[in-house]
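The lines below spell out each chain.
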Amino acid sequence: MHNFTVPSSLKVWIDHVVRVRSTFRITAEGKIGNLPDRPVYVAISSGGEFSGGAARQPDFLTPYLKHVLGTIGLHSVSFFSVEGTARGEAALQTARARAEAAIAAHPSLAGSAAAPGNSYSVQAYRAVGAHPARPRKLIRRRPDYLSVSH
């Protein structure tokens, strides 16, 4: 999370993926995603806390990602967060343990890693915005996942 929402590199990825007539279409009923629904797992890191009783900042990230992924047809979205990372090493370790427990307790992930054929791995490449003048191939489509690459 960056400034309460998606980092700029992820926003660039979203803008290249969420395309009318490619990943969604517009109908009389509204926008319809072209991708088949599969589980999407999103890992979030935040210096502050944005969920639960200790939340001291708004959460614009998860509703935005749910909406944008739903637009392209991905409705089964799970979020795992490490919050409060700016509060020191002890808070960081506690937050990591909480996230690991949430992953271990998730029905689709318990006991094993997500199988590539059963989910979309949506990864944002950090350097997308680093060299705006240098063109990049942003999307590589494979049958089992979407990915961002050089």
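Within any chain, residue numbers begin from 1 and follow the written order of that chain's sequence. In keeping with the predicted nature of the model, local features appear solely for residues at pLDDT of at least 70, side-chain atom pairs appear and are counted solely at 80 or more, and the whole-chain, interface and lining totals rest on all residues. As a convention, hydrogens and water are excluded, and side-chain values are obtained from all of the structure's heavy atoms.

### A short note on the overall build of the chain
Inclusion rule: Labels follow the DSSP assignment, with helices taken as runs of H or I lasting at least four residues and strands as runs of E lasting at least two, numbered in each case from the N terminus. A contact between two residues is defined here by any heavy atoms of the two lying within 4.5 Å. For every accessible area listed, the method is Shrake-Rupley and the probe measures 1.4 Å; residues are considered covered only by the protein chains on display.
If you tally the helices and strands in the chain, you get three helices and six strands. Along the chain, helices and strands appear, N-terminal first, in the series α-β-β-β-α-β-α-β-β. Sequence separation of 24 or more characterises 68% of the internal contacts of the chain that already satisfy a separation of 6 or more. When the accessible area of the chain is evaluated, it comes to approximately 9,000 Å², of which 55% is carbon and sulfur surface.

### Observations regarding the pairing of strand β3 (residues 40-46)
Heads up, the rule is: Partly exposed describes any residue whose relative accessible area lies between the buried limit of under 20% and the exposed limit of over 50%, with all areas from a 1.4 Å probe on protein chains only and scaled to the type maximum. If DSSP finds at least two bridges between two strands, the strands pair.
By the alternation rule, side chains of β3 split into Val 40, Val 42, Ile 44 and Ser 46, which are all buried, and Tyr 41, Ala 43 and Ser 45, of which none is buried. When β3 meets strand β4 (residues 77-83), the two strands line up parallel, connected through seven bridges. In the strand pairing of β4, Ile 44 is matched with Ser 81.

### Brief notes about helix α1 (residues 8-17)
Given 3.6 residues per turn, any residue in an α-helix points the same way as the ones three and four places further on. Applicable threshold: Each direction from the helix axis to a C-beta atom contributes to the arc, which is the arc of those directions.
If you check which residues of α1 are buried, you get Ser 9, Leu 10, Trp 13, Ile 14 and Val 17. Considered in projection along α1, the buried side chains sweep an arc of 140 degrees and stay on one side of the axis.

### Thoughts on helix α2 (residues 61-71)
Among the residues of α2, Leu 61, Thr 62, Leu 65, Val 68, Leu 69, Gly 70 and Thr 71 are the ones counted as buried. In this fold, the buried residues of α2 make contact with α1, β1 (24-27), β2 (30-33), β3 and β4. Just downstream of α2 lies Gly 73, where phi reads positive at about 110 degrees.

### What to know about the pairing of β4
We count it as follows: Crossovers are described as right-handed under a simple rule: with the strands pointing away from the observer, the path leading from the first strand over the helix to the second runs clockwise.
Taken across its seven residues, β4 has five buried, putting it largely inside the fold. Handedness of the crossover joining β3 and β4 through α2: right-handed.

### Structural notes on unusual backbone geometry
A positive phi is found at Arg 21, a non-glycine position, where the angle reads about 70 degrees. Inspection of the secondary structure puts Arg 21 in the loop between α1 and β1. Judged by relative accessible area, Arg 21 falls into the exposed class, the value being 71%.

### Re the confidence of the model for the chain
Low pLDDT marks stretches whose predicted atomic positions should not be read closely. Short version of the rule: As a per-residue measure, pLDDT tells how confident the predictor is, with possible values from 0 to 100.
The pLDDT averaged across the chain works out to 74; a share of 70% of its residues lies at or above 70. Taken together, the stretch residues 113-150 has pLDDT below 50 and engages in 71 contacts with residues farther than four places along the chain or on a different chain.

### Some words on the environment of Asn 34
Structurally, the position occupied by Asn 34 is in the loop between β2 and β3. It is 4.9 Å that separates the C-alpha atoms of Asn 34 and Phe 24, two residues lying ten residues apart in sequence. Residues within four places of Asn 34 in sequence aside, it is in contact with Arg 21, Ser 22, Thr 23, Phe 24, Arg 25 and Ile 72.

### A short note on the side chain of Ser 78
Mapped onto the elements of the fold, Ser 78 is located in strand β4. Residue classification places Ser 78 among the buried residues on the basis of a relative accessible area of 16%. Not counting the four nearest positions on each side in its chain, Ser 78 is found in contact with Val 40, Tyr 41, Val 42 and His 106.

### A few points about the environment of Gly 47
Among the structural elements, Gly 47 can be located in the loop between β3 and α2. Assessed through its relative accessible area of 31%, Gly 47 is described here as partly exposed. It is 7.3 Å that separates the C-alpha atoms of Gly 47 and Arg 87, two residues lying 40 residues apart in sequence. Beyond its immediate stretch of four places on either side in the chain, Gly 47 contacts Gly 84, Thr 85 and Ala 86.

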